[in-house]
Amino acid sequence: MSPRRFNPDRDVSEWKGAYVPYDIIKEAVVALVAVAVLIVLLAVVLGSPDDPAVTLKRWSIADPVDFAQTAITELDGTSGTATYGPPYNATPDAAQHMGFFEPAQWFGVHQPVDTAKDFVIGPLRTLPDQFQVQRALNAYQGASPSQQAAWTAAYEKAVSRATEVNGRVVVPAGSYGPVGVIIGSLTAMSQTGGLDGTLLSEGQFYNTNYTKPLLFIADGSFLANIAQAQHLQGNQWGMMNETGNFPGQAWLWLYTMWYQVAPMNSSSNADLEVWVIMMVLTLGLIFLPFIPILRSIPRWTRVYRLIWRRHYHALAQAAPSAS
Amino acid sequence: MTVDTAPTVDASSDGEARQWTARVRHAAESAFPPERLLPDRQPAYMASWIYIFGVLTVTSLAWVIITGCVLALMGPSWWHVSSTGHFFNSLHLWSVEALFFFMVIHLWGKFFMAAWRGKRRLTWITGVVSFVVSIGAAFTGYLSQQNFDSQWISTQAKDGINATGAGAVWNVLNFGQMLMWHIVLLPIGVVLIAGLHVLMVRRRGIVPPFADARHPAPDSTPADGEPGGAP
Amino acid sequence: MLLGALIGALINLNGSGTYIHWGFIQLSVANFVVIILMIVVFVLAILLPFPRRRSRRQ
């Protein structure tokens, strides 16, 4: 069998030349101390950010109109979460896809969220001594689906013109049935802090899963407005950024860049498309040694002549003269 | 009192060759003799400051883990209520920034040296995989902060991860799950892969320079497949 | 009080960030500084002379 041809971008002659003393342990210790000094200096001078979390309480007090506008969409199933599709619910045609490739649909619903039950009716049912609320819930749940839809549609239209008076949401008069009491009570419950606790605990004492309160908060505008002010939105290259003037995640520059360019910047399947692109590029970087042309770039660009200039100079000096 | 005078097993017996322990030990000894594992010399061509970025990356990782352990001592909420805790959070953040700073420069240097040459492809692969896994570890760290930043990052990132289907089981909104990935699974992954990377560096050595056609290197042994070399 | 100041931060990076807009690129000044610093450190690492060591044959 003939030997494989030598390829300078894949193969190398192993070194038989001179060696110099090298103390690997001393190098590691010096580096450990140097990095320690660096991070202590940075921590003392610059610190780290800690912007406080948004709670449903904080949101509903700061902007009760936005809270009510979000709450009605949770009740009538038109919110971002309610129409999200897998893994939260089985909304048809909601999962992102590229042709036949629809992995979210294939994996299915494994973090089930029913926004009407989990975000509105369930929490209000934990207030059995509030008779007006319980009567409103009974009336709503006892009505036909078409009646419920008529009430919620009317309320959703009216709440777009709602105003805030002394922390309460004031909606123009209309035929909303029990929906006005339901949304008003939910807003009041949230303003006391009761909704944060109820959404998190779900009847359990210990819980570390914040899926439901986070989805509810993210459906509104309050969290997004804070993010917009901090340049953290997707169309602001926000994936790279940190709050305030702190450096963020510069290494995510390429990931967020794809969201800014066509066709991803206007695609409803942008997340899947960008992920596929980044997987291909990441695999390309991992398997670079096997990829012709790309693996020749170091030899073509000749940056190595600078790195190893002393070695090449020594070789030139040691070479016998031409004559 | 009696002394056990039973004869010891002859170390060169044929039976030992079938022993898993002996075979693993022999393989490790031949792959990593002590002078290769802890060398006291290096090739003369290593005369550039670019070579320090590997050890700077590893030591930054050490400080990420050490500061992370201090934060773990007092729990995930400590740094919000204690100025000492906040200081250790700052140390942890800046050691992560240092880790990526040095790692990327190390990557640039190794790229321009085409450091995968000469059977060093696994060294390159483990290096890039460490980079990718480190990004995952950093991401779960951001999710574990329990503040506005983690709320925003989780509610945004969920869309990307849900689109791949992974969101069905890997729920970025589940603080408990993300914290355990961050402090248990991903550090183990990063340390194992980075450790393998460092062992590969010790096994194969630092890649020699590209050959200079005008001035060949001293007594260079042709690699497999090189004209005139061994088949 | 000194310890409190030391384990706080001497420079306050909180508040609204400063951003550079260049065509479709938006970059925070902080990230821009980090990226430029990386490039500068990389170039210096390659160009700065390395101390000579006494060599010995293998």
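Residues numbered from 1 in each chain as written. Chains lettered and ligands numbered in written order. Predicted model: local features only at pLDDT ≥ 70, side-chain atom pairs only at ≥ 80, totals over all residues.

### Here we look at the overall build of chain A
Item 1. Along chain A, the regular secondary structure elements total 16 helices and three strands.
Item 2. Expected size for 323 residues packed as a compact globule is a radius of gyration near 20 Å; at 30 Å, chain A overshoots this value by more than 25%.
Item 3. Here chain A holds 323 residues, and 36% of them are scored as buried.
Item 4. Partitioning the intrachain contacts of chain A with sequence separation of at least 6 by distance along the chain shows that 58% fall at a separation of at least 24. (Helix = DSSP H or I, 4+ residues; strand = E, 2+ residues; numbered from the N terminus. Rg over C-alpha atoms; globule rule 2.2 N^0.38 Å. Buried ≥ 20, exposed ≤ 12 C-beta atoms within 10 Å, placed from the backbone. Contact = placed C-beta atoms within 7 Å.)

### What about the nonpolar core?
Item 1. With 106 residues, the main nonpolar core has Ala68(A), Ala71(A), Ile182(A), Ile183(A), Leu186(A), Leu99(B) and Phe102(B) as its most contacted residues.
Item 2. The greatest single-element share of this core, amounting to 14 residues, is contributed by helix 6 (residues 83-112) of chain B.
Item 3. Split by domain, the residues of this core number at least three in each of domain 1 (49-99) and domain 2 (114-206) of chain B.
Item 4. Not counting chain neighbours up to four residues away, the residues in contact with Ala71(A) comprise Val120(A), Ile183(A), Leu186(A) and Thr187(A).
Item 5. Membership of the second largest hydrophobic core comes to six residues, among which are Ala95(A), Leu272(A), Val274(A) and Ala163(B). (Core = buried A, V, L, I, M, F, W, Y, C linked by C-beta atoms within 7 Å. Domains from an automatic or database assignment.)

### Looking at the packing of helix 6 of chain B against helix 7 (residues 121-143) of chain B
Residue and element names in this part refer to chain B.
Item 1. Axis separation between helix 6 and helix 7 bottoms out at 11 Å; the angle between their running directions is 160 degrees. For the element pair helix 6 / helix 7, the angle class is roughly antiparallel. The handedness of the crossing between helix 6 and helix 7 comes out as left-handed. Mapping the contact onto sequence places Val96, Leu99, Met103, Leu107 and Lys110 in helix 6 and Gly127, Phe131, Ser134, Ala138 and Gly141 in helix 7.
Item 2. Split into classes, the residues belonging to the contact of helix 6 with helix 7 amount to six nonpolar, three polar and one charged. (Axes fitted to C-alpha atoms, helices over the stretch in contact; angles between N-to-C directions. Parallel < 35°, antiparallel > 145°, perpendicular 65-115°, else oblique. Left-handed = near helix turned anticlockwise from the far one by under 90°. Nonpolar A, V, L, I, M, F, W, Y, C, P; charged D, E, K, R; others polar.)

### Points about the pairing of strand 1 (residues 19-22) of chain C
As a general feature of sheets, a regular strand has side chains that alternate between the two faces.
Residues and elements named next belong to chain C.
Item 1. Where strand 1 meets strand 2 (residues 25-28), four bridges bridge the pair, whose relative direction is antiparallel. Its bridge partner being in strand 2, Trp22 is matched across the sheet by Ile25.
Item 2. Counted along the chain from strand 1 to the antiparallel partner strand 2, the turn is two residues long, and its residue Gly23 has a positive phi close to 60 degrees. (Pairing = 2+ DSSP bridges.)

### Considerations on the confidence of the model for chain B
Residue and element names in this part refer to chain B.
Item 1. Scored by pLDDT, chain B comes out at a mean of 90, with 87% of its residues at no less than 70.
Item 2. The least confident element of chain B, judged by mean pLDDT, is helix 1 (residues 14-17) at 63; the most confident is helix 4 (residues 53-74) at 98.
Item 3. In this model, residues 222-231 is a region of pLDDT below 50 whose contacts with residues beyond four sequence positions or in other chains number 25 contacts.
Item 4. Predicted as a complex, the structure gets a pTM of 0.91 and an ipTM equal to 0.93. (pLDDT = per-residue confidence, 0-100.)

### Quick look at the interface of chain A and chain B
Item 1. At the interface, 88 residues of chain A touch 87 residues of chain B.
Item 2. By residue number, the principal contributor to the side of chain A that touches chain B is helix 1 (residues 24-46) of chain A, which donates 12 residues.
Item 3. Looking at the side of chain A that touches chain B, its residues break down into 57 nonpolar, 16 polar and 15 charged.
Item 4. Sheet topology places strand 1 (residues 19-21) of chain A next to strand 1 (residues 41-43) of chain B; three bridges connect them, and they run antiparallel.

### Comments concerning helix 2 (residues 29-47) of chain C
Item 1. With 19 residues, helix 2 of chain C extends 27 Å between its outermost C-alpha atoms, agreeing within 8% with the 27 Å of an ideal straight helix rising 1.5 Å per residue.
Item 2. Where helix 2 of chain C is concerned, the buried positions are Ala30(C), Asn31(C), Phe42(C) and Ala45(C). End-on view of helix 2 of chain C: buried residues confined to an arc of 110 degrees, all on one side of the axis. Across helix 2 of chain C from its buried face, at more than 90 degrees, point the exposed residues Ile36(C), Ile39(C), Val40(C), Val43(C) and Leu44(C).
Item 3. Buried residues along helix 2 of chain C sit against helix 6 of chain B together with strand 2 of chain C. (Expected span 1.5 Å × (residues − 1). Arc of directions from axis to C-beta.)

### Examining the domain arrangement of chain B
Residue and element names in this part refer to chain B.
Item 1. Structurally, chain B comprises domain 1 (49-99) and domain 2 (114-206).
Item 2. Computed over C-alpha atoms only, the centres of domain 1 and domain 2 are separated by 16 Å.
Item 3. Each partner contributes to the interface: domain 1 provides 10 residues, whereas domain 2 provides 10 residues.
Item 4. Contributing elements (two or more residues each) for the side of domain 1 that touches domain 2: helix 4 and helix 6.
Item 5. Examining the composition of the side of domain 1 that touches domain 2, we find that five residues originate from one element, helix 4, more than from any other.
Item 6. By residue class, the composition of the side of domain 1 that touches domain 2 is seven nonpolar, three polar and no charged.

### Details of unusual backbone geometry
Item 1. Cis geometry is found at the peptide bond from Pro86(A) to Pro87(A), where omega equals 10 degrees.
Item 2. Summarising the element assignment, Pro87(A) is placed in the loop between helix 3 (64-75) and helix 4 (103-107).
Item 3. Note the cis peptide between Ala262(A) and Pro263(A), where omega equals -5 degrees.
Item 4. Counting through the fold element by element, Pro263(A) comes out in the loop between helix 12 (253-260) and helix 13 (270-286).
Item 5. Located in the positive-phi region is His231(A), a residue other than glycine, with phi close to 60 degrees.
Item 6. Of note, His231(A) is situated in the loop between helix 11 (222-229) and helix 12.
Item 7. Even without a glycine there, the phi angle at Ala114(B) is positive, about 45 degrees.
Item 8. Its location among the elements puts Ala114(B) in the loop between helix 6 and helix 7.
Item 9. Note on Ala114(B): 25 C-beta atoms within 10 Å, which makes it buried.

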